[in-house]
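Per-entry structural report
Letter by letter, the chains look like this.
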Amino acid sequence: MSTVAVANIDLAQIVRQLGIASANLASARRLVPPPSRNSREPGDSLYRLARRAMADENYRRAAQLFAELVDRYPRSDYAGDALYYRAYSLYQLGGQRDLRDAIDAIELQARDYADASTREDAKTLRSRIESVQARRGNADAAKKVQEKASQLGDEHGCPNDDDDMRIAALQGLMQMDAESAIPILRQVLAKRGSCTESLRKHAVFIVSQKRSDEATELLLEVARSDPSTEVRAEAIQWLGQSHSPRAVTALDSIASTSTDDDILDKAIFALSQTRDERADAALRRIAANERKSAHARTQAIFWFGQSHRDADDMRFLRELFSRTRSEEIQGSIIQAMAQAHTSEGMRWLIDLARDKSISIEARKNALFWAGQNGADMRQLVGLYDEMKGESDIQNQLIFVFSQRRDRDAIDKLMDIASNDPDRELRKQAIFWLGQSKDPRVQKFLLDLINR
């Protein structure tokens, strides 16, 4: 496997691991009302002006114009939806009075325009508004939030409408204390079936924010028993943030026994985030266990290397490298050592590149990661001269030089292009010099052409 491919794979691993649940469960998409549909309609001109103000995010003017449309043309085809857009604009403004007026607009729509096309959207928006009001200490809003969230645990079967309304109700639980919220969340998480999977994932996130022993216990239950791999993976992810000794024991057990790569990834990542001695020991066991899959071992090594950089950690990785014959495992250890950014690690990688007892791919990999992570250019330049006759290693060093911005790297490439006895190496150096933006290179190449 090429070093470039290794870099791409590891980047993809990072992206996957960091792809955890969003903290903002009800993030509102920027809303622009649909274009006007009837220029002969009495309220059409006001609707157009209000729509433009909303598109420009001038929410104060939009709210005023939508209110004027309803006042002047209460029988307009636009009137019912205008109340929703007024409420949305006021919600975006976010002041206490704005939020009260937004609720008033939604209630007026429900009373006088029950057939408005935005009626269901208005219900969801109301839940979001009440959630904000509850967070600001509005007791009536807090009571409504709790009532709506409680209803989620009593629902049966799959809903026919969009989940936005239910998720907005769930979000309201963020404002409630753990004692009040956990029983409701437990009911939601007891649901089964694919149609409630998204709801359960959101519930897992809310549980994770409660920071209580009961919340940790609920996450453990979900991690062990939810029928959805994705929901279990979310619970495992958040267990790593709980700082609970019980969570470490459970994560160790999951990582040791699971054969599902998604679950393994989350469990290993969660262990790496706990900063607990037992979690460290678990990662070491997985990394060193030759009976575990290469995938699990490389994940353990990768995350161990991201968070462990003292002398004992580096020694463990070096010893593991010397014991394994798997190039995949060796490659992950090389990367972990490089990304620790220690002088000891850089020296080890340079020595590895010299070691003819290991594979040429491992030696090239060591050079790649050393170059990417700031190895001393003087050592790398000296190594090029030392490796005379080993064209594969010298060629890799030329590539490493080409990726550095050091003046010494360009100097060495120009020296190779001018003086190296190996014609192919000279050609490689010239090629990479052609990619450089160093102002000296243009003159150098012109002089080389005119020799």
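Residues numbered from 1 in each chain as written. Predicted model: local features only at pLDDT ≥ 70, side-chain atom pairs only at ≥ 80, totals over all residues. Heavy atoms only, no water.

**Quick word on the packing of aromatic side chains**
Stated formally: Here a pair means two rings of Phe, Tyr or Trp (six-membered ring of Trp) with centres within 6.5 Å. Their orientation is stacked below 30 degrees between planes, edge-to-face above 60, and tilted elsewhere. Segments assigned H or I by DSSP are reported as helices when at least four residues long, segments assigned E as strands when at least two residues long, and all are numbered from the N terminus. Relative accessibility thresholds used throughout: buried, under 20% of the residue-type maximum; exposed, over 50%; partly exposed, between the two (1.4 Å probe, protein chains only). Note on criteria: charge over ring means Lys NZ or Arg CZ within 6 Å of the ring centre, with the direction from the centre no more than 35 degrees off the ring normal.
In this structure the tally under the stated criterion is 15 aromatic pairs. Taking 6.3 Å as the distance between ring centres and 15° as the angle between the ring planes, the aromatic pair formed by Phe368 and Phe399 counts as stacked. With Phe368 in helix H20 (residues 360-372) and Phe399 in helix H22 (residues 391-402), this pair connects stretches of sequence that are 31 residues apart. Pair check on accessibility: Phe368 and Phe399 agree, each one buried. Measuring from ring centre to ring centre gives 5.0 Å for Phe431 and Trp432, while their planes differ by 80°; the resulting arrangement is edge-to-face. Given the relative accessible area of 44%, Phe431 is considered partly exposed. One aromatic cluster is present, built from ring pairs that chain together Tyr47, Phe66, Tyr78, Tyr84 and Tyr85. When the ring centre of Phe316 is taken as origin, the NZ or CZ atom of Arg284, which lies over that ring, is 4.9 Å away.

**Notes on the nonpolar core**
In plain terms, the rule: Among the buried residues, those of types Ala, Val, Leu, Ile, Met, Phe, Trp, Tyr and Cys that are joined through side-chain atoms within 4.5 Å form a nonpolar core. Residues count as neighbours in contact if any of their non-hydrogen atoms are within 4.5 Å of one another.
Counting residues in each nonpolar core, the largest one holds 97 residues, and the members touching the most others are Leu185, Ile268, Leu317, Ile333, Ile334, Leu380 and Phe401. Ranked by residue count, the leading element in this core is helix H14 (residues 261-273), at seven residues. When sequence neighbours within four positions are dropped, the list of residues in contact with Ile333 reads Ile301, Leu317, Leu320, Phe321 and Trp348. One finds Tyr59, Phe66, Tyr84 and Ala87 within the second-largest nonpolar core, a separate group that totals 33 residues.

**Some points on the packing of H14 against helix H16 (residues 294-307)**
Selection rule: The axes are straight lines fitted to the C-alpha atoms, using for helices just the contacting stretch, and the angles between their N-to-C directions are given from 0 to 180°. In what follows, roughly perpendicular refers to angles from 65 to 115 degrees, roughly parallel to angles under 35, roughly antiparallel to angles over 145, and oblique to any angle outside these ranges. Crossing handedness is defined as follows: a turn of the near helix away from the far one that is anticlockwise and smaller than a right angle gives a left-handed crossing, while the clockwise case is right-handed. When residue character is reported, Ala, Val, Leu, Ile, Met, Phe, Trp, Tyr, Cys and Pro are called nonpolar, Asp, Glu, Lys and Arg charged, and the others, Gly included, polar.
Closest axis-to-axis distance for the H14/H16 pair is 9 Å, and the angle between their directions is 25°. When the axis of H14 is compared with that of H16, the two are roughly parallel. Where H14 crosses over H16, the handedness of that crossing is right-handed. In this structure, H14 contributes Asp261, Leu264, Asp265, Ile268, Phe269 and Ser272 to the contact, and H16 contributes His295, Ala296, Gln299, Ala300, Trp303 and Ser307. Grouping the amino acids of the contact of H14 with H16 by side-chain chemistry returns six nonpolar, four polar and two charged.

**Concerning helix H25 (residues 439-449)**
To keep it simple, the criterion reads: Regarding the arc, it is the one traced by the directions from the helix axis to the C-beta atoms. Whenever two N or O atoms come within 3.5 Å, that pair is a polar contact, provided that in protein one can donate a hydrogen and the other can accept it, and provided that, for residues adjacent in sequence, both atoms are side-chain atoms.
Buried residues of H25: Val441, Phe444 and Leu448, and no others. One side of H25 carries all its buried residues, which in axial view fall inside an arc of 65°. Turned more than 90 degrees off the buried face of H25, the exposed positions are Pro439, Gln442, Lys443 and Ile449. Buried positions along H25 lie against helix H23 (407-419) and helix H24 (423-433). The backbone nitrogen of Arg440 has a side-chain oxygen 2.8 Å away, supplied by the residue at the start of H25, namely Asp438.

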